[in-house]
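A structural walkthrough
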Amino acid sequence: MILNLKGDLSAVADGLEALRENLSIQFSEEGYPIHVKKQNGPLRVVNHHGQGEIIFEKTVHFFRALGLWLEHFSKGNEFDLTEDPQFEMSGVMLDASRNAVPTVAEVEKLLQKMAMMGLDTLMLYTEDTYEVKEHPYFGYMRGRYTFEELQACDEYAGNLGIEMIPCIQSLGHLREALKWNYAAAFKDTDDILLVNKPETYEFLENCIKAASAPFKTKRIHIGMDETFQLGLGKYLEENGYENHIDLMNRHLQKVVSITEMLGLKPMIWSDMYFPLFAENSKYKDENGKIREDIIAGIPDVELVYWNYYRKEQEVYEKDFHNHKLLGRTPIFAGGAWTWNGIVPNYGKAIATTEAALAACKKEGIKEVFVTLWGDNGAETPFSTSYPILQLFAEYTYQKDVTIEKAAERFAFCCEGHFDDFINLKLLDETPGVMKDNMNTSMTSKVLLYQDILIGLYDENIRGLALGEHYEKLVPVIERAKHHNPKWEALFDFYEQLARVLSVKAEMGIRVKEVYDQKDYEQMKSIMAELDEIQANVDLLRRKHRKVWFAAYKPFGWEVIDIRYGGVITRMDSVKYRINQWLEGVIPTIEELEEKRLRHDGPWEIVDGLVGGNVYHRIVTAGNFSL
């Protein structure tokens, strides 16, 4: 469409150029007239008597408003719409550390989508995937970003009215950074820094300088979550036991002194202060209030309360109240559930998002963001998070939100059909799994990687007819592939996953039953199906590889190659073992002589959960060193 935008465009001109192709628009004095006005207050889009109008406050509001105007104009009616932003900040945290590092081009695509949705903040979560010149092993061969790459992302984001905030770790979650010998002097445990050591703070000063330098913002997320073993490694050997909160506060004070020196405003994940909130907390006084000396010991940092797990609104409300006991209103971080396995867990993401953001509005939370983690390999393409980003965006601009409204906006912003994306959850939300997969079953990951002769999850899936389930899912995803041409490669990948699992899911059970019956003829016919599985897994690998290399740097794909290769090469050994038995070379197949037990550990397998475990606990009951 050809537009004639009139008014003060100085704040949006560069961003318009970045989005022009995405929005399919051109600019000309002969185009449809839209008057643009920047003023405080709600954003507004109008089309009346052949004239358009866009009123906006923040730059990113303009891009959302322009998208709304184009969307409604395409429907052919006059309109006058107003949206009143519900939060002062609403954004995204993209994991660039758990095996996959998005390319600059892919970050720019994300920023384009965010601008059209109206999301105004992006954090790139980088544990060791940014360049620290003083430490050449930091992020070595991990796809780390250079200063120039991060600066380019920041510049692009700024043109769209999006603030980029560095998001790093300054205490725990540093296993990959600390595995090299350069870190021996300041390592407490495998993934936690050694508190109180001068070398630790020299290292952190280098890291914080490097992480913040490419960005215009003065805000920085310095992490510090899940440091459960803090002070229990080398620190314990050298200093004896010291309670966790005291150690945490002392370390945080030292790190904050670094951020203050650099003129930065830090935030941290708040979970390591949760012991303060317990009913029987030793940190409370006789009146049940958190002791003043404890509160005084927490430096001036913003607290980010993260919770991706609960669908009960009252849980979030209670936790917000607890945070306010510390004298500050927290930032909230929800989750898109892109880290469940190979497939996004849309059911849980929607249920938790709706509960959490309703609580945020009720409790006056001003800043929110959604996390796109990539735990255990980043096998799920992060672009599958876009439906949940859209949901976050609609909650940001509307008091009341429906899935139908989010779906309409998703069709415009992401050129895809919301329902087709949501159907991908059925690869994990299978028979035997509870509604919305609230117990986070990783069914597809388990069934893809588990060994046919070992079958660690065979008893968990017995009687669920999962092969039939996946067989029915193949044409569903195939139709979605044709229905979403902009997303063809993504749906092609998931269609192939369903095709593989339609045969492989219950193959271990079949092989065991045929073996127990000593049905040699049936076993010979199964051999052809094993060939088919092997070929289809390799095709799946290649389709996955296409999606990966379109979005990520190459580093990390070797891990996924090895996982697929494990399935493919094990198929050779499975056929070798069965052939030995069929030919009478061996009297028994020892792996099939073993009685099958339910997979039950190291995490509890509860009702509504078929399988949920990390890769090395799926493929073997033996020792698998990562």
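The structure presented is a predicted model; accordingly, all values stated were derived computationally and were not measured.

**Quick look at the overall build of the chain**
Counting secondary structure elements, the chain contains 23 helices and 16 strands. With respect to the principal axes defined by its C-alpha atoms, the chain has extents near 85 × 70 × 50 Å. Burial status across the chain gives 59% buried among its 626 residues. The contacts of the chain with a sequence gap of at least 6 include a subset with a gap of at least 24, amounting to 75%. Summing over all exposed atoms, the chain offers an accessible surface of approximately 25300 Å²; the carbon and sulfur share of this is 49%.

**Concerning the pairing of strand β15 (residues 331-335)**
Along β15, 5 of the 5 residues are buried, which leaves the element largely enclosed by surrounding structure. The pairing of strand β14 (residues 302-306) with β15 spans 3 bridges and is classified as parallel. By the bridge assignment, W306 is partnered in β15 with A333. In the classification by handedness, the crossover that spans β14, the intervening helix α10 (residues 313-324) and the parallel β15 is right-handed. Pairing between β15 and strand β16 (residues 367-372): 4 bridges, direction parallel. What sits directly across from G335, in β16, is T371. In this region the chain leaves β15, passes through helix α11 (residues 346-362) and returns to the parallel neighbour β16; the handedness of that crossover is right-handed.

**Some points on empty space enclosed by the protein**
Counted under the stated rule, the structure contains 3 cavities of 30 Å³ or more. Here the largest cavity is characterised by a volume of approximately 80 Å³. Lining of the largest cavity is provided by L94, D95, R98, A100, T338, L372, W373, G374, A378, T380, F382 and Y552. A breakdown of the residues in the lining of the largest cavity according to their chemical character gives 7 nonpolar, 3 polar and 2 charged. Forming the walls of the second largest cavity are L124, T126, Y130, L150, P166, C167, I168, A211 and F215.

**Comments concerning the environment of L325**
Along the chain, L325 turns up in the loop between α10 and β15. With 277 residues separating them in the primary sequence, L325 and P602 have C-alpha atoms 36 Å apart.

**Observations concerning the environment of L122**
Its place among the elements puts L122 in strand β8 (residues 121-125). Ignoring anything within four residues of it in the chain, the contact list for L122 reads V92, L94, V107, L110, L111, M114, I162, E163, M164 and I165.

**Considerations on helix α18 (residues 488-504)**
Taking 1.5 Å of rise per residue, 17 residues should cover 24 Å, and α18 covers 24 Å from first to last C-alpha, within 8% of that figure. The buried fraction of α18 amounts to 12 of the 17 residues, a majority that puts the element mostly inside the structure. All of the buried residues in α18 are L490, F491, D492, F493, Y494, E495, Q496, L497, A498, V500, L501 and K504. Contacts from the buried residues of α18 go to α14 (418-422), α15 (443-449), α17 (466-483), α19 (507-516), α20 (520-551) and α21 (557-582).

**Brief notes about the packing of helix α1 (residues 13-23) against helix α3 (residues 104-117)**
It is at 11 Å that the axes of α1 and α3 come closest, and there the two elements cross at 85°. Regarding the angle of α1 to α3, the classification is roughly perpendicular. Contacts between α1 and α3 involve A18, L19, N22 and L23 from the former and Q112, K113, A115 and M116 from the latter. Considering only residue class, the contact of α1 with α3 consists of 5 nonpolar, 2 polar and 1 charged.

**Here's the deal with the pattern of salt bridges**
Summed over the entire model, instances satisfying the criterion amount to 51 salt bridges. Between K209 and E205 there is a salt bridge; the shortest N-O distance is 3.0 Å. Pair noted here: K209 and E205 are both in helix α6 (residues 198-212), with a separation of 4 residues, about one helical turn. Since its relative accessible area comes to 25%, E205 is described here as partly exposed. Of the charged contacts, one joins E495 and K481 as a salt bridge, the two residues approaching to 2.8 Å between their closest N and O atoms. A residue pair is termed long-range when its members are at least 10 positions apart, and E495 in helix α18 and K481 in helix α17 qualify at 14 residues. Accessibility classification places E495 together with K481 in one group, the buried group.

**Let's talk about the pairing of β16**
Among the 6 residues of β16, 6 are classified as buried, and the element is accordingly described as predominantly covered. Pairing of strand β7 (residues 89-95) with β16 involves 6 bridges; the strand directions are parallel. Considered in β16, the bridge of V92 is made with V370.

**Considering the packing of aromatic side chains**
Under the defined criterion, the tally for this structure stands at 44 aromatic pairs. Taken together, a centroid distance of 5.8 Å and an interplanar angle of 40° make the contact between Y308 and Y309 tilted. Assessed through its relative accessible area of 4%, Y308 is described here as buried. Judged by relative accessible area, which is 38%, Y309 ranks as partly exposed. Ring centres of F382 and Y386 lie 6.5 Å apart, and the angle between their planes is 85°; on these two criteria the pair is classed as edge-to-face. A single burial state applies to F382 and to Y386, both of which are buried. Clustering of aromatic rings is evident, with ring pairs tying together F382, Y386, F410, F418, F421, W487, F491, W548, F549, Y552, W557 and Y564. In this structure, K254 is placed above the aromatic ring of Y201, and the distance from its NZ or CZ to the ring centre is 5.5 Å.

**Observations concerning α3**
An ideal rise of 1.5 Å per residue puts 20 Å on 14 residues; α3 measures up with 20 Å between its terminal C-alpha atoms. α3 sits mainly inside the fold: 11 of its 14 residues count as buried. At the exit of α3 stands G118, carrying a positive phi of roughly 95°.

**Observations concerning the sheet that holds strand β6 (residues 79-83)**
With mixed pairing, 6 strands are arranged side by side in an open sheet as β2-β1-β3-β5-β4-β6. Sheet topology places β2 (26-27) and β6 at the edges, where each strand pairs with a single neighbour. Sheet analysis places strand β3 (residues 32-38) next to strand β5 (residues 51-56), joined by 5 bridges and oriented parallel. Looking at the pairing, V36 lines up with I54 of β5. Across the sheet, helix α2 (residues 59-73) lies against β1 (2-7), β3, β4 (43-48), β5 and β6, angled at about 30° from β4, the strand it touches most.

Rules of the game
- Residues numbered from 1 in each chain as written.
- Predicted model: local features only at pLDDT ≥ 70, side-chain atom pairs only at ≥ 80, totals over all residues.
- Heavy atoms only, no water.
- Helix = DSSP H or I, 4+ residues; strand = E, 2+ residues; numbered from the N terminus.
- Buried < 20%, exposed > 50% of the residue type's maximum accessible area, 1.4 Å probe, protein only.
- Contact = heavy atoms within 4.5 Å.
- Areas by Shrake-Rupley, 256 points an atom, 1.4 Å probe, with all protein chains shown as cover.
- Pairing = 2+ DSSP bridges.
- Right-handed = clockwise from strand over helix to strand, strands pointing away.
- 1 Å grid on protein atoms, 1.4 Å probe; cavity = no way out; pocket = protein on both sides within 12 Å on 5 of 7 lines; lining within 4 Å.
- Points joined across faces, edges and corners; volume = space filled by probe spheres on them.
- Nonpolar A, V, L, I, M, F, W, Y, C, P; charged D, E, K, R; others polar.
- Expected span 1.5 Å × (residues − 1).
- Axes fitted to C-alpha atoms, helices over the stretch in contact; angles between N-to-C directions.
- Parallel < 35°, antiparallel > 145°, perpendicular 65-115°, else oblique.
- Salt bridge = Lys/Arg side-chain N within 4 Å of Asp/Glu carboxyl O.
- Phe/Tyr/Trp six-rings, centres within 6.5 Å; stacked < 30°, edge-to-face > 60°.
- Lys NZ or Arg CZ within 6 Å of the ring centre and 35° of its normal.

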